[in-house]
Amino acid sequence: MSEQKRDGFTSGLGFVLAVMGSAIGLGNVWRFPHMTGSNGGGAFVLVYLLIVFLIGAPLLLTEFVIGRHGQRNAIDSYGAISPKFRWLGYLGAFTSFPLLAYYIVVGGWVLFYLVESIMGSLTALPGDQVGAFFGGFIGQVKQPLVYTAVFMALTFFIVVQGIARGIERWNKILMPLLVIILIILALRSMSLPGALEGIKWYLTPDFSKIDINTVIAALGQAFFSLSVGLCGMVTYGSYLSKKENLSRSVLVVAAADTAVALLAGFVIFPALFSFGVTPTAGPVLIFITLPQVFAQMPLGVVWSVFFYILLLFASLTSAISVMELFITCAVEKMNISRTKASIGYSIVVFLLAIPVSLGYGVWSHITLFGKNFLDMYDYYCANISNPLTALMCSILIGWVWGKKGAMAELTNDGTIDNAFTRAWFPIVKWVAPVAVGVIWLNSVGLLKF
Ligand code: PHE
């Protein structure tokens with residue numbers, strides 16, 4: 001039981017930084033560009049923006065409200081409102097495994113690029129060989145797995161020492177630096193020859209390209225990027241004091257998260273059109289585009305080293321939040337020590353990451369519905385499990401808990417009132433269940449538009 005004293009966030013700023021650390025990561029810099037690339041550019045961006053603010057942000061708020069109300073691990077926080085919804089906590093804890101498993105593989109790729117940047121070999125590559133270079137790396141058995149293991153180990157060390165929230169303080173300095181470096185890269189990318197085509201493609205929505213698949217992809221991306229639907233934010237909310245202004249924190253986080261994703265697009269797409277990389281390259285997209293941008297910059301080595309350090313940090317603070325949610329459940333529910341839980345969890349996640357990594361090499365022939373392991377894990381997390389959890393959260397709040405209790409928690413007993421808090425409940429009760437429900441049924445193939 002959670003009789004033992006739980007430590008919490010000592011300040012509102014600490015909380016916002018931690019949530020931002022969780023939200024901003026590979027989802028913005030890696031996943032957003034490749035999703036945009038594969039789903040038609042501007043049309044996807046438009047649908048994405050609408051979903052982030054109309055559905056994603058309100059649902060992020062549901063997680064905070066549930067967590068702060070419960071003041072316990074995700075499973076018991078759901079249970080505090082209705083025991084019938086405890087399974088959402090279990091589902092989140094379960095889904096954290098595949099999610100972290102592919103996250104650490106991509107984190108390993110970032111680490112590899114950092115090392116190669118430091119050695120100067122990345123920026124020395126001729127543009128037309130970057131794809132082959134990266135393909136050669138991920139196609140191997142051992143090397144990418146070593147990097148994956150190192151990324152997992154870094155996450156492990158931070159979580160096991162319980163210093164995640166100490167690390168998050170670095171966000172205050174490193175996140176703004178990430179934004180600055182992205183702006184500089186975007187300016188370079190946008191001034192490359194032929195860049196204008198890319199900017200147009202990125203910003204002009206071609207409405208004929210919007211279909212249910214665009215919407216499914218945008219919803220998955222919104223949830224993934226905002227860390228919604230994994231219960232990680234229930235966990236963070238549970239460490240929060242009753243004084244915090246939840247609605248304001250959510251808006252700040254959603255705005256910052258979206259800004260970073262959009263910026264990453266301004267780096268990738270102009271460059272991509274300039275260098276003739278195809279936008280539909282998938283998960284490898286940023287890895288074959290970015291080195292070519294660095295190679296075109298004075299002091300490219302320095303920029304790329306800085307950039308990969310910052311991206312690595314941003315990904316670690318996201319990975320921490322995924323792991324932390326499971327560890328909090330394990331420590332409070334199963335009564336095992338933080339260290340034991342962390343060791344066991346890291347080992348299982350690493351084992352699950354092995355097929356993901358091999359899926360780009362010796363196991364590339366193994367596919368399900370045309371998806372390799374990374375795409376399978378990713379689809380399960382972002383399009384099946386996370387939306388289902390978010391959908392159930394909205395039903396729990398809108399239909400089970402009801403307006404009175406939920407609004408009292410959200411507004412700190414009526415002391416906070418703004419347009420967002422007023423719009424929140426009707427969105428959670430009506431809009432989110434219908435919209436997410438319909439999209440989810442399509443994702444799992446039960447409904448076909
Ligand atoms: N939001 C993180 C990112 O964009 C990933 C994440 C998803 C973290 C779900 C926690 C929960 O990189």
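My aim in this report is to walk through the structure given alongside it, one point at a time. Computed from a predicted model, the values in this text were never measured in an experiment.

Thresholds applied
- Residues numbered from 1 in each chain as written.
- Predicted model: local features only at pLDDT ≥ 70, side-chain atom pairs only at ≥ 80, totals over all residues.
- Heavy atoms only, no water.
- Helix = DSSP H or I, 4+ residues; strand = E, 2+ residues; numbered from the N terminus.
- Rg over C-alpha atoms; globule rule 2.2 N^0.38 Å.
- Buried < 20%, exposed > 50% of the residue type's maximum accessible area, 1.4 Å probe, protein only.
- Contact = heavy atoms within 4.5 Å.
- Areas by Shrake-Rupley, 256 points an atom, 1.4 Å probe, with all protein chains shown as cover.
- Lys, Arg positive; Asp, Glu negative; His and termini not counted.
- Charge placed at Lys NZ, Arg CZ, Asp CG, Glu CD.
- Axes fitted to C-alpha atoms, helices over the stretch in contact; angles between N-to-C directions.
- Parallel < 35°, antiparallel > 145°, perpendicular 65-115°, else oblique.
- Nonpolar A, V, L, I, M, F, W, Y, C, P; charged D, E, K, R; others polar.
- Near = heavy atom within 4 Å.
- Polar contact = N/O pair within 3.5 Å; in protein donor to acceptor, adjacent residues only side chain to side chain.
- Salt bridge = Lys/Arg side-chain N within 4 Å of Asp/Glu carboxyl O.
- Expected span 1.5 Å × (residues − 1).

## A short note on the overall build of the chain
A count of helical and extended segments in the chain gives 20 helices and 0 strands. In terms of C-alpha radius of gyration, the chain reaches 21 Å, essentially the compact-globule figure of 22 Å for 449 residues. With respect to the principal axes defined by its C-alpha atoms, the chain has extents near 60 × 50 × 40 Å. The 449 residues of the chain split such that 62% are buried. Considering only contacts in the chain between residues 6 or more positions apart, those separated by 24 or more positions represent 83%. Element-wise, carbon and sulfur atoms account for 70% of the exposed surface of the chain, whose accessible area totals about 16600 Å². Averaging the locations of the 26 positively and 19 negatively charged side chains of the chain gives two centres separated by 6 Å.

## Regarding the packing of helix α17 (residues 338-358) against helix α18 (residues 373-401)
A pair of packed helices can be characterised by two numbers: the angle between their axes and the separation between those axes. Where α17 meets α18, the axes come as close as 7 Å, and the angle between the chain directions of the two elements is 125°. Here α17 lies oblique to α18, going by the angle between them. Taking contact as the criterion, the partners of L352, P355 and V356 in α17 are, on α18, F373, L374 and Y377. By residue class, the composition of the contact of α17 with α18 is 6 nonpolar, no polar and no charged.

## Brief notes about the site of the ligand
What surrounds the ligand is a group of 14 residues, the closest being A23, G27, Y103, F224 and S227. Within the backbone of A23, one N or O atom sits 2.8 Å away from an oxygen atom of the ligand. Against a free-state accessible area of 320 Å², the protein chains account for coverage of 100% of the ligand. Looking at the shell around the ligand, the elements with two or more residues in it are α1 (12-23), α2 (26-38), α12 (212-226) and α16 (300-334).

## Re the pattern of salt bridges
Tallied over the full model, the rule gives 9 salt bridges. With its nearest N and O atoms 2.9 Å apart, the salt bridge here joins R31 to D378. Taken together, the residues R31 in helix α2 and D378 in helix α18 connect sequence positions 347 residues apart. Owing to a relative accessible area of 1%, R31 belongs among the buried residues under this scheme. The exposure class of D378 is buried, given its relative accessible area of 5%. The closest approach of N and O atoms between E324 and R338, which form a salt bridge, is 2.7 Å. Here E324, found in helix α16, pairs with R338, found in helix α17; they are 14 residues apart in sequence, far enough to count as distant. When its relative accessible area of 3% is taken as the criterion, E324 is described as buried. Salt bridges here are not isolated pairs; linked through shared partners, they connect R68, K242 and E409.

## Regarding α1
In this model, α1 (12 residues) spans 16 Å end to end at C-alpha, consistent with the 16 Å of a helix rising 1.5 Å per residue. In terms of residue burial, α1 counts as a mostly covered element, since 11 of its 12 residues are buried. Restricting attention to buried positions, one finds in α1 the residues G12, G14, F15, V16, L17, A18, V19, M20, G21, S22 and A23.

## Focus: the environment of F326
Among the secondary structure elements, F326 is positioned in helix α16. Expressed as a C-alpha distance, the spacing of F326 and S96, which sit 230 residues apart in the sequence, is 7.1 Å. Apart from residues lying up to four places away in sequence, F326 is in contact with A93, S96, F97 and Y345.

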